[in-house]
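# Fold and geometry: a report
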Amino acid sequence: MNPDPDKSRDNLRTRVRGDTLPGMHPADRVIRHQRNPYAAVPMAHVLNWLVGTPIATSRAMHERLTKVKALAVFSSDALSSVAYATDEILYALLLAGPVVLSNSMPIALAIGALLVIVAASYRQTIHAYPSGGGSYIVAKDNLGAVPGLTAGAALLIDYVLTVAVSISSGVLAITSAFPDLEIYRVEMALGFLAFITLANLRGLRESSNIFMLPTYAFIIAVFSTLAIGIYRFYVLGITQAAPTDNILPTEVTAEIGIFLLLRAFAAGCTALTGVEAISNGVPAFRPPESNNAARTLVIMVAMLTTMFLGITWLANAYHTIPQADHESTLSQLARTAFGSGPAYLFVQISTTLILVLAANTSFADFPRLSAIIARDGYLPHLFVRVGQRLVFSTGILVLAVFSAVLIVVFDASTHNLIPLYAVGVFLSFTLSQAGMVRHWWKLRGPGWRRSIVINGLGATATAVVTLVIVEAKLLEGAWVVVLLIPAIVFLFLRIKQHYVQFQSQIALKDARPRAVETTNIVIVPIARVDQATVRTMSFARTIGGSLTGAYVYTDQADGETMLKEWQSAHIDAPLKLIASPYRSVVAPLLKYIEAVGEDNPNANIVVVLPEIVPKRFLHLVLHNQTAQLIKLALLFQPNRIVVSVPYHLEA
Amino acid sequence: MKSISHVLVPVNGKPGDEDALQVAFAFAKKGKAMVTAVHVVEVRRALPLEAELPSETNAGEQLLEHVEEMAQHYGCQIKAELLQARSAGVAIVDEAFHLKADLIIMALPYRSRFGEFHLGETSNYILNHATCRVWLVRDSYDTATEPAA
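Residues numbered from 1 in each chain as written. Chains lettered and ligands numbered in written order. Predicted model: local features only at pLDDT ≥ 70, side-chain atom pairs only at ≥ 80, totals over all residues. Heavy atoms only, no water.

## Details of the overall build of chain A
Assigned secondary structure in chain A consists of 23 helices and 6 strands. Sorting the 651 residues of chain A into buried and exposed places 50% on the buried side. By sequence separation, contacts in chain A at least 24 residues apart represent 78% of the contacts at least 6 residues apart. For chain A, the exposed surface amounts to about 30900 Å²; the carbon and sulfur share of it is 64%. (Helix = DSSP H or I, 4+ residues; strand = E, 2+ residues; numbered from the N terminus. Buried < 20%, exposed > 50% of the residue type's maximum accessible area, 1.4 Å probe, protein only. Contact = heavy atoms within 4.5 Å. Areas by Shrake-Rupley, 256 points an atom, 1.4 Å probe, with all protein chains shown as cover.)

In structure tokens:
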């Protein structure tokens, strides 16, 4: 399992025992291999308990997802949208009165067609870019860095919003059933967020095991509702939904026109959110990755389209009217199909769960997308690092932190968060489709004209949707996202600029590094004369160059006492006493180091600090504060080298 | 009988290991005890103790990962250790002592030498020197496949 010989060498010799037990020869020794590379990390046992024991890199393939599990992980966001997409169309049409609700079916069919076009485009993306990245990669490769980063920023923002919205909607479902819990909704949302974060930190396979059941339960619930609903319509001749307590709105506030139809179309396009998820996560699939991902996408879109069109058709057939803040269309259809018994409850519970778990898709994709962007140098390299459970832990934690901030700031209110939502997704769709048009134009392989037409149509449709959504939601809060996207793109570009500058400065310009003739001036700041000081002085002497101890005193007597102690310890180096009339330790010391540096402009000033390492982790706070301040102050000064010499306490 | 809170199970990849592990998991689940599985890579005298033995180490890692998966399947918490020593018996006794294990449960293949049942060097050493209790899970006679040691 460990083919890397260097790694096995590191693992060896972590503990050699020499104790003698009865029957044991004194020369018998046992070497314990370090199986857990995180064992040396402080509080490793707590970390292991929370996120599980580390998984070896060689097990990465075992952590990959089968199509069944991947469908659950990557489709929960997309599938959950069928729980409210039909309602969104009906709400928009309701402005012109209940009589125009029958227009929902043609609109749903248009959305279904757009869904197929977008999915066809992403299917091609999956094969063209098997390393994942979706819209970001397509737009970057075909339209340039800025459009790519715009798509990336838009998606990252939307993933954060998806987490906040889906968890808040889950909490809303609970507080609707138990109104007394309303005052704890932020705490509950943060609790859910912590649970999903931990489940994802435990690894892809484990999180897919946890979240698989609710996703498939929802699929079964919706298809059962559709099957029974269609049976009751055709066989039993039922054409009315089960009655609700609400009064039907009859007031007409707008005329049916192209703008209203466009708004209804744009509102229903929430059914498309989450479609891009699979294309971002291709490397999470078992080989052949692209084929498996493409098949999973086809299955997901087939189910999504069937469920969405089925619900909209059934809503038309039963003449249901959405009851805002009271009962969703799916709930009305389920109640018509099953009555108010356990089957209806199953539909409702599975709907609530899928709404919460839509957040999980973001947890699968945000870390992957941020890792791909970081690999290109537009985000800190930390995002690329894979954690102890073979997931991009930094991305997961960053997503959790930003989502938590949104939940707290917006008071876990879906109503406050929704206006910010969906702008990013449609912007990324548009850029991705436009990128694919350019892709086909560049390649001009067989069937390129057909592909360009499909992607061009998709790009135009999603661009229209983006504009309609921005127009409809701009003043309600979408302006935040509209401003945030360019701000994040600017940040990406600045990060890249820094890395480029860093590379040009640090790269070896010649084949061989040049040896630079310099001298060392070694300064050892001390607080007292003890074993740690003596040990540090012994080490400092091995560095070479001139060696001086430095002590900052606040009154003359203190300085004289220290000098006597220094001399009586027979340390073979002078001690520089630095007066501190204002009792500060760091500032006078830095001034002294600066003066030495000015007198010796070509010398390396090496500051060697004794550091006490207590046996208990928590005792760290009791030591070394001054040493840390000195280190921090010297960090930004050129030609200063800081060395720590640890002194390990035994108790 | 003193309560048992920590069970050590030496494994070497032989078929009997699974029986020993199953006994340990069942016992640990019932008594809420902790299980540690140990595999020892034995180093020949011709090599230094610290010698790198990648194929043996990798095989040991694979074995312990399989044991961890088994534990997960049984819903049992487990720690797995890979040791390197001259003699497996010495390492197991030493590990049990240092981990303060109360019980060693180990598989014992059925084998004979000169027509007599033969305990084997490692089992013999552990039975002689372990400071804790030792349970042996012996293979059934007809399924024994081990050649004489």
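## Things to note about the pattern of salt bridges
Residues and elements named next belong to chain A. If you walk through the whole model with that rule in mind, you get 6 salt bridges over all chains. In this structure, Asp411 and Arg185 form a salt bridge, with 3.1 Å as the shortest nitrogen-oxygen distance. Within this pair, whereas Asp411 is found in the loop between helix 16 (393–409) and helix 17 (414–417), its partner Arg185 is found in helix 9 (residues 185–201), the two being separated by 226 residues in sequence. Under the relative-accessibility criterion, Asp411 is labelled partly exposed at 38%. Taking the shortest distance from any N to any O, the salt bridge between Lys631 and Glu611 comes out at 2.6 Å. Note that Lys631 is positioned in helix 23 (residues 625–635) and Glu611 in strand 5 (residues 604–613), a separation of 20 residues in sequence. You can call Lys631 partly exposed: its relative accessible area is 24%. (Salt bridge = Lys/Arg side-chain N within 4 Å of Asp/Glu carboxyl O.)

## Things to note about the confidence of the model for chain B
Residues and elements named next belong to chain B. Averaged over every residue, the pLDDT of chain B is 86; residues scoring 70 or more account for 93%. The weakest mean pLDDT in chain B belongs to strand 5 (residues 112–113) at 80; the strongest belongs to strand 1 (residues 6–10) at 95. As scored by the predictor, the complex reaches a pTM of 0.69 and an ipTM of 0.80. (pLDDT = per-residue confidence, 0-100.)

## A word on the confidence of the model for chain A
Close inspection of predicted coordinates is inappropriate in any region flagged by low pLDDT. Residues and elements named next belong to chain A. Considering every residue of chain A, the mean pLDDT works out to 82; 84% of them sit at 70 or more. Mean pLDDT values over the elements of chain A span from 41, in helix 1 (residues 5–11), up to 93, in strand 2 (residues 520–525). Predicted confidence is poor over residues 1–14, with pLDDT under 50, and the contacts of this stretch with residues over four places away or in other chains come to 28 contacts.

## Some remarks on the packing of helix 11 (residues 258–268) of chain A against helix 19 (residues 448–506) of chain A
Residues and elements named next belong to chain A. For the pair helix 11 and helix 19, interaxial distance at closest approach is 9 Å and the crossing angle is 100°. On the basis of their axis angle, the class for helix 11 and helix 19 is roughly perpendicular. For the pair helix 11 and helix 19, contact is made by Phe259, Leu262, Arg263, Phe265 and Ala266 and by Val464, Val465, Val468, Ile469, Glu471 and Ala472, respectively. A per-class count over the contact of helix 11 with helix 19 returns 9 nonpolar, no polar and 2 charged. (Axes fitted to C-alpha atoms, helices over the stretch in contact; angles between N-to-C directions. Parallel < 35°, antiparallel > 145°, perpendicular 65-115°, else oblique. Nonpolar A, V, L, I, M, F, W, Y, C, P; charged D, E, K, R; others polar.)

## Observations concerning empty space enclosed by the protein
In this approach, a probe sized like a water molecule rolls over the atoms, and the result shows the empty space that is left. Residue and element names in this part refer to chain A. Under the definition given, this model contains 2 cavities of 30 Å³ or more. When its volume is computed, the largest cavity comes out at roughly 40 Å³. Around the largest cavity, the lining residues are Asp77, Leu155, Asp158, Tyr159, Thr162, Thr273, Gly274, Glu276, Tyr421 and Val425. Sort the elements by how many residues they give to the lining of the largest cavity and helix 8 (residues 145–177) lands first, with 4 residues. (1 Å grid on protein atoms, 1.4 Å probe; cavity = no way out; pocket = protein on both sides within 12 Å on 5 of 7 lines; lining within 4 Å. Points joined across faces, edges and corners; volume = space filled by probe spheres on them.)

## Focus on the pairing of strand 2 of chain A
All names here are of chain A. The buried fraction of strand 2 amounts to 5 of the 6 residues, a majority that puts the element mostly inside the structure. Inspection of the sheet shows strand 2 paired to strand 5 by 4 bridges, in the parallel sense. Note that in strand 5 the partner of Asn520 across the bridge is Asn604. As judged from the 5 bridges shared by strand 2 and strand 3 (residues 546–553), these two strands associate in the parallel manner. Along strand 3, the bridge assignment pairs Val522 with Leu547. Since strand 2 and strand 3 lie parallel, the crossover through helix 20 (residues 531–543) that links them has a hand, and here it is right-handed. (Pairing = 2+ DSSP bridges. Right-handed = clockwise from strand over helix to strand, strands pointing away.)

## Some thoughts on the packing of helix 5 (residues 85–94) of chain A against helix 6 (residues 104–128) of chain A
All names here are of chain A. Running from N to C, helix 5 and helix 6 point in directions that differ by 135°, and their axes come no closer than 10 Å. Taken together, the axis directions place helix 5 and helix 6 in an arrangement best described as oblique. Viewed along their axes, helix 5 and helix 6 form a crossing whose handedness is right-handed. Along its contact with helix 5, which presents Ile89, Leu90 and Leu93, the element helix 6 presents Ser104, Ile107, Ala108 and Ile111. Residues that form the contact of helix 5 with helix 6 fall into these classes: 6 nonpolar, 1 polar and no charged. (Left-handed = near helix turned anticlockwise from the far one by under 90°.)

## What about unusual backbone geometry?
Residue and element names in this part refer to chain A. A cis amide bond links Pro287 to the next residue, Pro288, at an omega of -10°. Here Pro288 shows up in the loop between helix 12 (277–280) and helix 13 (289–317). With a phi close to 55°, His319 is a non-glycine residue in the positive phi region. Among the structural elements, His319 can be located in the loop between helix 13 and helix 14 (329–338). In this model, Arg444 sits at a positive phi of 45°, which is unusual for a non-glycine residue. Among the structural elements, Arg444 can be located in the loop between helix 18 (423–443) and helix 19.

## Section: the side chain of A:Asn200
All names here are of chain A. Tracing the sequence through the fold places Asn200 in helix 9. Reaching out from Asn200, the side chain makes a polar contact with the backbone oxygen of Ile196 at a distance of 2.8 Å. One polar contact links Asn200 to Asn360, side chain to side chain, over a distance of 2.8 Å. For Asn200, the contacting residues outside a window of four places in its chain are Ser207, Phe211, Asn360, Phe363, Val391 and Ile396. (Polar contact = N/O pair within 3.5 Å; in protein donor to acceptor, adjacent residues only side chain to side chain.)

## Remarks on the pairing of strand 3 of chain A
One face of the sheet, then the other: side chains in a regular strand alternate in exactly this way. Residue and element names in this part refer to chain A. Among the 8 residues in strand 3, 7 count as buried, and that is most of the element. When strand 3 meets strand 4 (residues 575–579), the two strands line up parallel, connected through 5 bridges. In the strand pairing of strand 4, Ala550 is matched with Lys576. Taken together, strand 3, helix 21 (residues 556–568) and strand 4 constitute a β-α-β crossover, and its handedness is right-handed.

## Regarding a nonpolar patch on the surface
Residues and elements named next belong to chain A. On the surface, a nonpolar cluster with roughly 530 Å² of combined accessible area is contributed by Ile230, Tyr231, Tyr234, Val235 and Leu236. Summarising the element assignment, Tyr231 is placed in helix 10 (residues 204–234). Look at Tyr231 and you get partly exposed, because its relative accessible area is 46%. (Patch = residues over 30% accessible without salt bridge, like charges linked within 9 Å, V, L, I, M, F, W, Y side chains within 5 Å.)

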